[in-house]
Amino acid sequence: MTADLPKRILYLEDNAMDADLVRRGLARQAPDMVVDVVSTVSEARSKLDEMHSSYELLLSDLNLPDGSGLELLAHVRERNLPLAVVILTGSGDQEAAIAALKAGADDYVVKRADYGVRLVHTLAAALARFRSEQAGKTRLLRVLYAEHNRFDIDLTRRHFARHAPQVRLHVVNDGNEVLDALPPEHASDPPFDVVLLDYQLSGINALEAVKTLRDERGYDLPVVLVTGQGSEDVVAEALRLGVADYVMKHEGYLAELPAILEHAFRQAQLAREQAKLRTASERLRHLLSANPTILYSLKVEGTRFTPVWISDNVTRVVGYTPEECLDPGWWLAGLHPDDRERVLADHKRLFTGHSLTHEYRFLDKSGAVRWVRDDMRLLLDAAGAPCEVVGSWNDITSSREASEHQRLQAAALTSSRDAVMITDLDARILSVNPAFTEITGYTEAEAAGHRASLLRSGRQDRAFFEAMWDSLRRYGQWQGEIWNRRKNAEVYPQWMTITTVRDASGTPTHYVAVGTDLTLLRRTEEQREHLANYDPLTGLPNRVLLGSLLQHALEKAQRQHAQVAVLFLNLDKFKTVNDSLGHASGDSLLLGVTGRLNQRLGGRHLLGRLSADEFVVVMETVRDPSDAEALAVELLVALDAPFSLDGASEVYARTSIGVSLYPQDGLSSHDLLHRADAAVHRAKERGGNQIAFYTSDLSQRARMQLDIDAGLRRALQQGEFVIHYQPKADLHSGCITGAEGLLRWMRPGQGMMPPVEFIPLAEKNGLIIPIGAWVVDEACRQIRAWQDAGLGWMNIAVNVSARQFHDEELERVVAAALQRHGVPARLLTLELTESMLIERPDETIERLQRLKHIGLQLSLDDFGTGYSSLAYLSRFPLDQIKIDRSFVVDMVTNETSATIANSVVDLAHRMRLKVVAEGVETREQLDYLCGNGCDEVQGFYFSRPVPAEEFERMLREGKRLSAPADSVSVQRSC
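Owing to the predicted nature of the structure, the values given are computational and were not obtained by experimental measurement.

What to know about the sheet that holds strand β28 (residues 655-662)
Then comes step 1: Ordered in space as β24-β25-β23-β28-β29, the five strands form an open sheet in which the pairing is mixed. Of all the strands in the sheet, just β24 (606-611) and β29 (691-693) have a single pairing partner and so form its edges. Across the sheet, the mean angle separating the axes of adjacent strands is 25° when strand polarity is ignored.
Then comes step 2: Here β24 runs beside strand β25 (residues 614-622); their pairing, made up of five bridges, is antiparallel.

In structure tokens form, the structure reads like this:
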């Protein structure tokens, strides 16, 4: 801006304070400017007459003591002094400002509070405007002037010669001469700039001449029409034909004419420039629409960017319209979230480096991710402040993907386990991958330049290689097994694929060979075959190989009329070891068991492993079944001693053994294994660590089990289950406090079936889950029914099986039953066994806490028969403990049982738990329990389990337990 300021100005101001204020402001903003201050019009005239050539601009106040600033302006313009003029006006004096501009002022400034700040910019703009107009006046304006009146012609010439010397008139007298003066076809550089026509021309009139120039010859020269008379119709027609202006011949019209001609010429120039600009813009728009590069500009506001313009081709690239892209939040919303922090940090560098090129991901309108290269340039204003950012976007998704594809190909080549070798057409090695070096021993530097025959082993003859090259020439590929030689001279088999590489014209350029070392593959196949037939942990024959070896032994026995015994071993409670000590300890135990079995067998018999805790021994020469029994006893003895795991834990791995014999129990390996498995289950049912032989009754029992299984599935659907209730009585009051609900199966045609005959099977086949849910629901229904019958709320306990306890739906099933029948949760007790709780203690505690959150009562059943840790027991949120009937039966006669029972009562009370004794069948047992602080009892002494109707009758009759002989408690009313 400083270069456009006037170097010296004359400042006319009669107010000394205003003059000083302006001078100080200009000195601060434009220190190189010289300001001469005068206070009267006469002083200003004198200065201009003396040294007008020294000044570039006159700054004058409007109202002065000896005249007006407009008078001084007229003085300057009449003498054609080369000065820009700026008039200072008072606030709100709009008419004075307009008068100043009409009189030829280049600009004006209103004296407001901040006018001193704005003044320097106004002076620069006025000087630039004045210089531009002066430059226009020095250029000749060529005018084709058609006039039939000689007097008007002479008058116009003399006026222009004096007042508008830059205008050159070429005079013709009629319309035909106008047409003759211009080339018949539109020229790019016509001989005239403006056409000035008198309306009344001889030959053809002015409007017809204009029409011919416009429509027939295609001229766009500006035309000014002059007439001494006319009508509105003439004016309308003239404007329709594109006449630039219309002037009536009134007094003083010649003074206006130069400016009108200049204006018409400028307007025509402007129209041409606009047309060119439109053409260029349209061309640019077409170029941009075909160009993948998106252009844009942003306005800088502090450190924020606001979109101002974006090219139309953005729609083709990312799917958004330019209008959508100009939304202030559009770009940030489309920026990939993972790139946002990095890109915004890059923008800060733009303010220091003034340019930035970076790449990031952007989401197009369809949501697809595109990679964009963004080139940004920061523009500064005249004061050096950031004002605008111009930039370009290029969609580099394809190149990125191609680069990524090449990178992945290179990575695949580098990381491939197959050797890759690239050669020229003479089979000279050009490049190899790391796997080539690993397989052959040759580095790339050692192999490069050598022929591929460097690897030849000599095992293939000349005919082999001739066939290979023939295949490459005919088909462009060869594939097969080849023997090569490593750097260390080791010969190895390799599966090789060689492919011909061709250029774009199809001409062969290279060969690529990919080879797989079959040494590793064949070694892997051997390992796979071993894994397919042998147990990976113990190294024993697995189920597949064992079955094959057993079948081979049976065929041999058939030929020799001999017997074969199959001993099926199943470790007792192996799952407990796995769950409590971990799988690593379980594996150590299995290896220990394998070692002892192998040591005892001494290679005399075949040993195999079927599954996690199942082993099989095959005896090929059996004279008598007692031989198999004797070996089974030896194996039990071998496993009787404890196993030390990791030098710390000691565990027992006792086993159950089932025995089947050939040919008595079966003729195939499948039958013998199946029947030995059935026998081992009988051994487990007897308590484990036993031997059981397969007999025909086992098959009969298996058929019965199948029949029960089918019956169970029907029983739940057909309502064959019922609950019998065994009352519990309080030892102090004798009152019935609740009952244990016990499941019974009323099987059609067979009567009532006890739980021991169907519950284990239901556990095994999973039916225990829906059966258990039915028991919970039926118990809740019965509690509600007794309450509705006026018998009060009664607590009912139901047994929960291990499978039901670990089912994820248990809490939901219980809560739903309570809600369905409107029963308070405290009236339902779940009885759980020790063995169930100690399998996974941490999970058990979480499950128990969830059940307690519902509000249920929890009872530990059969306490003392398991191996529960007191540490865990203290963490279980229990409400009561039930002494197992095995201790209750013997406690009167067996001191150990009595001690255990007393300890249970004492322990439970210390833990603030209620104690219930089950299986109380005699008066002696009742008296003992009462004397040792037991809380409640149940058993045949008081009542057997009875149907709901009979239990209801007992409640109505107020049946109660008679007080023990030595009891001093008061029998209260129930």
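Here we look at the packing of helix α21 (residues 574-581) against helix α22 (residues 583-601)
Think of two packed helices as two axes; the pair is described by the angle between the axes and how far apart they sit.
Then comes step 1: Look at α21 against α22: their axes get within 6 Å of each other, and the N-to-C directions meet at 140°. As the angle between them shows, α21 and α22 are arranged oblique. Residue-level contacts link F574, V577, N578 and L581 of α21 to H583, S585, G586, L589 and L590 of α22.
Then comes step 2: Here the contact of α21 with α22 is composed, by residue class, of five nonpolar, four polar and no charged.

Digging into the pairing of strand β35 (residues 857-863)
Then comes step 1: The buried fraction of β35 is high, at five of seven residues.
Then comes step 2: Sheet topology note: the strand β34 (residues 828-833)/β35 ladder contains five bridges and is parallel. Each bridged residue has a counterpart across the sheet, and for T829 the counterpart in β35 is Q857.
Then comes step 3: Of the pairings in the sheet, the one linking β35 to strand β36 (residues 880-883) comprises three bridges and is parallel in character. Within β36, the residue paired with L860 across the bridge is I881.

Points about the UniProt feature "modified residue: 4-aspartylphosphate" (unreviewed entry) in the chain
Then comes step 1: Those residues carrying the UniProt feature "modified residue: 4-aspartylphosphate" (unreviewed entry) are D61 and D198 in this numbering. Annotated residues spanning 138 residues; largest pairwise C-alpha distance 43.5 Å, indicating distribution over more than one region.
Then comes step 2: Here D61 is to be found in strand β3 (residues 57-61).
Then comes step 3: Not counting the four nearest positions on each side in its chain, D61 is found in contact with L12, E13, D14, G69, L88 and K111.
Then comes step 4: Take D198: it is sitting in strand β10 (residues 194-198).
Then comes step 5: With relative accessibility at 3%, the residue D198 sits in the buried group.
Then comes step 6: Among residues more than four places away in sequence, those in contact with D198 are A146, E147, H148, A206, V226, T227 and K249.

With respect to helix α23 (residues 625-638)
Then comes step 1: Between the first and last C-alpha of α23 there are 20 Å, a value that for 14 residues agrees with the 20 Å anticipated at 1.5 Å per step.
Then comes step 2: Regarding α23, the residues found buried are A628, L631, A632, L635, L636 and A638. Buried residues in α23, looked at end-on, bunch into an arc of 160°, giving them a common side.
Then comes step 3: Taken together, the buried residues of α23 touch β23 (563-571), α22, β25, β28 and β29.

Section: unusual backbone geometry
Then comes step 1: Put simply, Y662 and P663 share a cis peptide bond, and its omega is 5°.
Then comes step 2: Here P663 is to be found in the loop between β28 and α24 (669-685).
Then comes step 3: Of note in this structure, N80 is not a glycine but carries a positive phi near 50°.
Then comes step 4: Tracing the backbone through its elements, the reader meets N80 in the loop between α3 (69-78) and β6 (84-89).
Then comes step 5: Its relative accessible area of 65% is what places N80 among the exposed residues.
Then comes step 6: Of note, the phi angle at A489 is positive, near 80°, even though the residue is not glycine.

Things to note about the pairing of β10
If a strand is regular, its side chains alternate between the two faces of the sheet.
Then comes step 1: Along β10, five of the five residues are buried, which leaves the element largely enclosed by surrounding structure.
Then comes step 2: Of the two faces of β10, the one holding V194, L196 and D198 and the one holding V195 and L197 are both buried throughout.
Then comes step 3: Both strand β8 (residues 141-146) and β10 contribute to a ladder of four bridges, which runs parallel. Its bridge partner lying in β10, A146 is registered against L197.
Then comes step 4: Of the strand pairs in this sheet, β10 and strand β11 (residues 223-227) are connected by four bridges, and their pairing is parallel. When the bridges of β11 are listed, L196 appears paired with V224.

Topic: the packing of aromatic side chains
Then comes step 1: A full pass over the atoms with the stated rule returns 16 aromatic pairs.
Then comes step 2: Measuring from ring centre to ring centre gives 5.5 Å for W745 and F758, while their planes differ by 80°; the resulting arrangement is edge-to-face. In this pair, W745 sits in strand β31 (residues 736-747) while F758 sits in the loop between β32 (751-753) and α26 (759-765), placing the two residues 13 residues apart along the sequence. This pair shows no difference in class: W745 is buried, exactly as F758 is.
Then comes step 3: Ring centres of W786 and F951 lie 4.9 Å apart, and the angle between their planes is 40°; on these two criteria the pair is classed as tilted. With W786 in helix α27 (residues 768-788) and F951 in helix α36 (residues 948-957), this residue pair connects regions lying 165 residues apart in the sequence.
Then comes step 4: The exposure class of W786 is buried, given its relative accessible area of 0%.
Then comes step 5: An aromatic cluster is defined as three or more aromatic residues linked by ring pairs; in this entry it consists of Y320, W330, F362 and W393.

Digging into the side chain of E56
Then comes step 1: Locating E56 in the fold gives a position in the loop between α2 (41-51) and β3.
Then comes step 2: Of the polar contacts made by the side chain of E56, one reaches the backbone nitrogen of K7; its length is 2.5 Å.
Then comes step 3: Once you skip the residues sitting within four places of it in the chain, E56 turns out to touch L5, P6, K7, R8, P82, L83, A84, L127 and R131.

A look at the nonpolar core
Then comes step 1: In this structure, L712, I796, F805, L828 and F951 are the most contacted members of the largest nonpolar core, which totals 78 residues.
Then comes step 2: The element contributing the most residues to this core is α27, with eight residues.
Then comes step 3: Setting aside residues no more than four positions away along its own chain, F951 makes contact with Y725, P727, I736, G738, A739, W786, M794 and V946.
Then comes step 4: Counting residues in hydrophobic clusters, the runner-up holds 30 residues, among them L540, A628, L635 and V659.

Details of the domain arrangement of the chain
Then comes step 1: Segmenting the chain into domains produces domain 1 (8-130), domain 2 (141-276), domain 3 (292-401), domain 4 (416-523), domain 5 (534-694) and domain 6 (716-957).
Then comes step 2: Placing a centre on the C-alpha atoms of domain 1 and another on those of domain 2 gives a separation of 38 Å.

Digging into the pattern of salt bridges
Then comes step 1: On inspection of all chains with the given rule, the structure shows 53 salt bridges.
Then comes step 2: The partner of D18 in a salt bridge is K111, with the nearest N and O atoms 3.4 Å apart. Of this pair, D18 sits in helix α1 (residues 16-29) while K111 sits in the loop between β7 (107-110) and α5 (115-138), and the two are 93 residues apart along the sequence.
Then comes step 3: Ionic pairing is found between K249 and D198, a salt bridge with its closest N-O pair at 2.8 Å. Placement of K249 in the loop between β12 (245-248) and α10 (253-290) and of D198 in strand β10 is noted, with a sequence separation of 51 residues between them.

Comments concerning the sheet that holds strand β15 (residues 355-363)
Then comes step 1: The strand order across the open sheet built from five strands is β14-β13-β17-β16-β15, with neighbouring strands paired in antiparallel fashion. In this open sheet, the two edge strands, each paired with only one partner strand, are β14 (304-310) and β15. Across this sheet, the average inter-strand angle for adjacent strands is 30°, counted without regard to direction.
Then comes step 2: Inspection of the sheet shows strand β16 (residues 369-380) paired to strand β17 (residues 386-395) by nine bridges, in the antiparallel sense. Looking across to β17, one finds that D375 is bridged to S392.
Then comes step 3: Packed onto the sheet, helix α14 (residues 340-353) meets β13 (294-301), β14, β15, β16 and β17 and runs at close to 160° relative to β15.

What counts and what doesn't
- Residues numbered from 1 in each chain as written.
- Predicted model: local features only at pLDDT ≥ 70, side-chain atom pairs only at ≥ 80, totals over all residues.
- Heavy atoms only, no water.
- Pairing = 2+ DSSP bridges.
- Helix = DSSP H or I, 4+ residues; strand = E, 2+ residues; numbered from the N terminus.
- Axes fitted to C-alpha atoms, helices over the stretch in contact; angles between N-to-C directions.
- Parallel < 35°, antiparallel > 145°, perpendicular 65-115°, else oblique.
- Contact = heavy atoms within 4.5 Å.
- Nonpolar A, V, L, I, M, F, W, Y, C, P; charged D, E, K, R; others polar.
- Buried < 20%, exposed > 50% of the residue type's maximum accessible area, 1.4 Å probe, protein only.
- UniProt positions renumbered as here; feature names shortened; annotations may be inferred.
- Expected span 1.5 Å × (residues − 1).
- Arc of directions from axis to C-beta.
- Phe/Tyr/Trp six-rings, centres within 6.5 Å; stacked < 30°, edge-to-face > 60°.
- Polar contact = N/O pair within 3.5 Å; in protein donor to acceptor, adjacent residues only side chain to side chain.
- Core = buried A, V, L, I, M, F, W, Y, C linked by side-chain atoms within 4.5 Å.
- Domains from an automatic or database assignment.
- Salt bridge = Lys/Arg side-chain N within 4 Å of Asp/Glu carboxyl O.

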